[in-house]
Amino acid sequence: MTQAIANGRNGQNGYHVDTEPESSSISASSSNASEYGVEGTNGITNGTGNITLNGNGNGNIRDRMQRKKSSPMMPSFMVSAPGKVIVFGEHAVVHGKAAIAASIALRSYLLVTSLSKSRKTVTLKFPDIDFDHSWRIDELPWAIFQQPSKKKYYYSLVTEIDQELVAAIQPYLADVSSDKPADVRKVHQNSAGSFLYMFLSLGSQSFPACQYTLRSTIPIGAGLGSSATIAVCLSAALLLQLRTLSGPHPDQPPDEARMQIERINRWAYVYEMFIHGNPSGVDNTVSTQGKAVMFQRTDYSKAPDVKPLWDFPELPLLLVDTRTPKSTAHEVAKVGRLKDTHPKLVGSILDAIDKVTQTSAELIAEDDFSTEKEDSLRRVGELMNINHGLLVSLGVSHPRLERVRELVDHQGIGWTKLTGAGGGGCSITLLKPGVPREKLARLEEQLDEEGYQKFETTLGGDGVGVLWPAVLKNGTVEDEEGGMEIDQEKFLNAQGNDGVERLVGVHGGMPGEREGWKFWRVESNPDI
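Everything numeric here is computed off the predicted structure, so don't read it as measured data.

**Examining the overall build of the protein chain**
For the protein chain, the helix and strand inventory stands at 15 helices and 17 strands. Sequence separation of 24 or more characterises 72% of the internal contacts of the protein chain that already satisfy a separation of 6 or more. As displayed, the protein chain has an accessible area near 23700 Å², and 49% of this comes from carbon and sulfur atoms.

**Considerations on the side chain of Gln-252**
Considering the arrangement of structural elements, one finds Gln-252 in the loop between α6 (226–241) and α7 (254–276). For Gln-252, a relative accessible area of 7% translates into the label buried. One polar contact links the side chain of Gln-252 to the main-chain carbonyl oxygen of Ser-246, over a distance of 3.0 Å. Polar contacts involving the side chain of Gln-252 include one to the side chain of Glu-256, which spans 2.7 Å. Leaving out residues up to four positions away in the same chain, Gln-252 has contacts with Ser-246, Gly-247, Ala-257, Gln-260 and Trp-520.

**As for helix α11 (residues 374–393)**
Across its 20 residues, α11 extends 28 Å between first and last C-alpha, which sits within 8% of the 28 Å expected from 1.5 Å per residue. Those residues of α11 that sit buried are Ser-376, Leu-377, Val-380, Gly-381, Leu-383, Met-384, Asn-387, His-388, Leu-390 and Leu-391. Backbone geometry just after α11 places Gly-395 at a positive phi near 85°.

**Quick notes on the packing of α6 against α7**
Running from N to C, α6 and α7 point in directions that differ by 130°, and their axes come no closer than 8 Å. In terms of their interaxial angle, α6 and α7 are classed as oblique. Handedness of the α6/α7 crossing: right-handed. Contacts between α6 and α7 pair Ser-227, Ala-228, Ile-230, Ala-231, Val-232, Leu-234, Ser-235, Ala-236 and Leu-239 from the former with Arg-263, Ile-264, Trp-267, Ala-268, Tyr-271, Glu-272, Ile-275 and His-276 from the latter. Residues belonging to the contact of α6 with α7 are distributed by class as follows: twelve nonpolar, three polar and two charged.

**Thoughts on the pairing of strand β3 (residues 77–88)**
The buried count for β3 comes to twelve of twelve residues, which makes it a mostly enclosed element. Examined bridge by bridge, β3 and strand β14 (residues 465–467) share three bridges and lie antiparallel to one another. In the strand pairing of β14, Ser-80 is matched with Gly-465.

**Digging into the nonpolar core**
Counting 61 residues, the largest nonpolar core has Trp-135, Phe-195, Tyr-197, Tyr-212 and Leu-234 as the members making the most contacts within it. Those residues in contact with Leu-234 that lie beyond four places of it in its chain are Leu-110, Leu-124, Phe-126, Phe-195, Met-198, Tyr-212 and Tyr-271. Phe-88, Ile-428, Leu-430 and Leu-459 belong to the second largest nonpolar core, which has 44 residues in total.

**Section: the packing of aromatic side chains**
This model, assessed by the stated rule, comprises twelve aromatic pairs. Cluster of aromatic residues (ring-pair linked, three or more members): Trp-135, Trp-142, Phe-195, Phe-199, Phe-207 and Tyr-212. If you follow Lys-151 out to its NZ or CZ, it ends over the ring of Tyr-153, 5.5 Å from the centre. Here Lys-432 stacks its cationic end above the ring of Trp-415, 5.5 Å away from the centre of that ring.

**Considerations on helix α12 (residues 399–411)**
With 13 residues, α12 extends 19 Å from end C-alpha to end C-alpha; this agrees with the ideal 18 Å at 1.5 Å per step. Three or more residues of α12 are buried, namely Leu-401, Val-404, Arg-405, Leu-407, Val-408 and Gln-411. Buried positions in α12, seen along its axis, are confined to an arc of 165° and lie on one side of it. Exposed residues pointing more than 90 degrees away from the buried face of α12 are listed as Pro-399 and His-410. Within two residues after α12, Gly-412 carries a phi angle of roughly 65°, on the positive side.

**Details of the packing of helix α10 (residues 343–364) against α11**
Packing of α10 against α11 brings their axes to within 10 Å, and their N-to-C directions diverge by 165°. Viewed along their axes, α10 and α11 adopt a mutual orientation that is roughly antiparallel. Judged by the sense of rotation from one axis to the other, the crossing of α10 with α11 is left-handed. Counting all contacts with α10, which are made through Ile-349, Ala-352, Ile-353, Val-356, Thr-359, Ser-360, Leu-363 and Ile-364, the residues of α11 involved are Arg-379, Val-380, Leu-383, Ile-386, Asn-387, Leu-390, Leu-391 and Ser-393. Split by residue class, the contact of α10 with α11 holds eleven nonpolar, four polar and one charged.

**Things to note about the pattern of salt bridges**
The full count for this structure, using the stated rule, is 24 salt bridges. Two residues, Asp-351 and Lys-97, come together in a salt bridge whose shortest N-O distance is 2.7 Å. Of this pair, Asp-351 sits in helix α10 while Lys-97 sits in the loop between β3 and β4 (98–114), and the two are 254 residues apart along the sequence. As a salt-bridge pair, Asp-130 and Lys-180 come within 3.7 Å of each other at their nearest N and O atoms. Note that Asp-130 is positioned in the loop between β5 (121–126) and β6 (131–136) and Lys-180 in the loop between α4 (163–169) and α5 (182–202), a separation of 50 residues in sequence. Taking relative accessible area as the criterion, Lys-180 reaches 23% and is therefore assigned partly exposed. Linked by salt bridges that have partners in common, Asp-130, Asp-179 and Lys-180 make up one network.

**Notes on the environment of Gly-223**
Here Gly-223 shows up in the loop between β7 (210–216) and α6. Overall, the relative accessible area of 38% leaves Gly-223 in the partly exposed class. The spacing of Gly-223 and Gly-425 is 202 residues in sequence and 7.1 Å in space, taken between C-alpha atoms. Non-local contacts of Gly-223, meaning those with residues more than four positions away in its chain, are made with Lys-84 and Lys-326.

**A few points about the pairing of β5**
Along β5, six of the six residues are buried, which leaves the element largely enclosed by surrounding structure. Alternating positions in β5 separate into two faces, Thr-121, Thr-123 and Lys-125 on one and Val-122, Leu-124 and Phe-126 on the other, with burial throughout. When β5 meets β7, the two strands line up parallel, connected through four bridges. Opposite Leu-124, over in β7, you have Tyr-212 as the bridge partner.

**Quick word on unusual backbone geometry**
Omega for the bond connecting Trp-468 with Pro-469 falls within 30 degrees of zero, at -10°, which places this linkage in the cis form. Relative to the assigned elements, Pro-469 resides in the loop between β14 and β15 (471–472). You will see that His-91, though not glycine, has its phi angle at about 70°, which is positive. On the secondary structure map, His-91 appears in the loop between β3 and β4. Accessibility expressed as a relative area gives 5% for His-91, which makes it buried. The backbone of Arg-243 shows a phi angle near 60°, a positive value even though the residue is not glycine. Note on Arg-243: relative accessible area 8%, which makes it buried.

The rules behind the values
Residues numbered from 1 in each chain as written. Predicted model: local features only at pLDDT ≥ 70, side-chain atom pairs only at ≥ 80, totals over all residues. Heavy atoms only, no water. Helix = DSSP H or I, 4+ residues; strand = E, 2+ residues; numbered from the N terminus. Contact = heavy atoms within 4.5 Å. Areas by Shrake-Rupley, 256 points an atom, 1.4 Å probe, with all protein chains shown as cover. Buried < 20%, exposed > 50% of the residue type's maximum accessible area, 1.4 Å probe, protein only. Polar contact = N/O pair within 3.5 Å; in protein donor to acceptor, adjacent residues only side chain to side chain. Expected span 1.5 Å × (residues − 1). Axes fitted to C-alpha atoms, helices over the stretch in contact; angles between N-to-C directions. Parallel < 35°, antiparallel > 145°, perpendicular 65-115°, else oblique. Left-handed = near helix turned anticlockwise from the far one by under 90°. Nonpolar A, V, L, I, M, F, W, Y, C, P; charged D, E, K, R; others polar. Pairing = 2+ DSSP bridges. Core = buried A, V, L, I, M, F, W, Y, C linked by side-chain atoms within 4.5 Å. Phe/Tyr/Trp six-rings, centres within 6.5 Å; stacked < 30°, edge-to-face > 60°. Lys NZ or Arg CZ within 6 Å of the ring centre and 35° of its normal. Arc of directions from axis to C-beta. Salt bridge = Lys/Arg side-chain N within 4 Å of Asp/Glu carboxyl O.

Written as structure tokens, this is what we have:
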């Protein structure tokens, strides 16, 4: 690692990463001798990188410079990834039709903190689910992961989980959250196992001691892709630590940015496979790249066809969690039984949902579509209403979801549909432009009284982002000295979603992006 990395100040993008192996020693030249502590020696180079003296030194500079230098610790940095919602095509997608999923501005935030070499441990700390566990790096099963037949690299495409490697990890999960109830312990062990599989696949026994601390503003178990955001954050963090990513920076070519995103996404999918077996890959893809994707799976023995919608616009959204437990499997089975009973009728409903999805994609891609035009938003909103009505006809709504629609319609502020499997879970409302604040306040008050959880957010925003180093301007006196360093104590003590957003949020609870956060942006149309 170079001194520029350690200080987090190399060029426009605030940090430097490359794909070359890290040198084990530093050779000084006339241009960098002072940076490595030999200022004042009147040294010159002899063409080999060694320093000779002009006669007034003590003659041991060359020996000192040839000694192996210890690498400075990498600065603390942060990675963030967004959750997702299904915008169009729920349930139809199970039957081979297309669906559209898009990112939302609710995000997970991962703080990566380097530890001293003497610690030689790696720690996961997820306070939102009361999970905290450490492993000694030297004691992990490196031997089997390093076998030539099993060894993976940052550029590898992993399409299945190796069960021998899973078995090798099991002893290191045995004491994870042993004092917790069985259901909680299972969640913690899944998180730990997924991380270790990725860590051991990408890393080595010489990996620096570090701690990964995660906070999230995404409701867990609400169908918003919270698991995938963790996968994406950890994947990006490990690849950054290995210096195998370039950017993000403003002038990065789109093709290069796409390659970096794909690299992160591949390893996030490995994390998801460890937990879910054969996931669609949609959640981690949306979380990595942001914006939206259209996906379709006609053959369940193969991966779905996923088409990025790079130019999907950012749309104002009200997300409401009904706080009603749902079962995706139950709702999917319900539609399956209905289709078996009424194949032609239900088939036509699923075809209609597919038509809504395709029409929405075509609409958003129109040259004159604009989020500033009420007519453009109205047409999207009408498609959302139609999609919801078709889902209601399949029997997958819920009284709590219908109540949200009733309240929104009464205030006349937008268009609402369920998102995901239904039967509870969440609804999304596309907000009309220029909604009076008092109307929104009345709606939010009513939702609070009736036990809903609401989030004013954005649809179709950025994907994975990086804050390097972990320093932000937060309107404090520290801003005058470059900003506030986000350390673990501040991060852990942030109270609730609002506290996390104010401290480290990409938007800080306000419109517009915060200085410091950077993203791999790959819009194909720069005017959108």
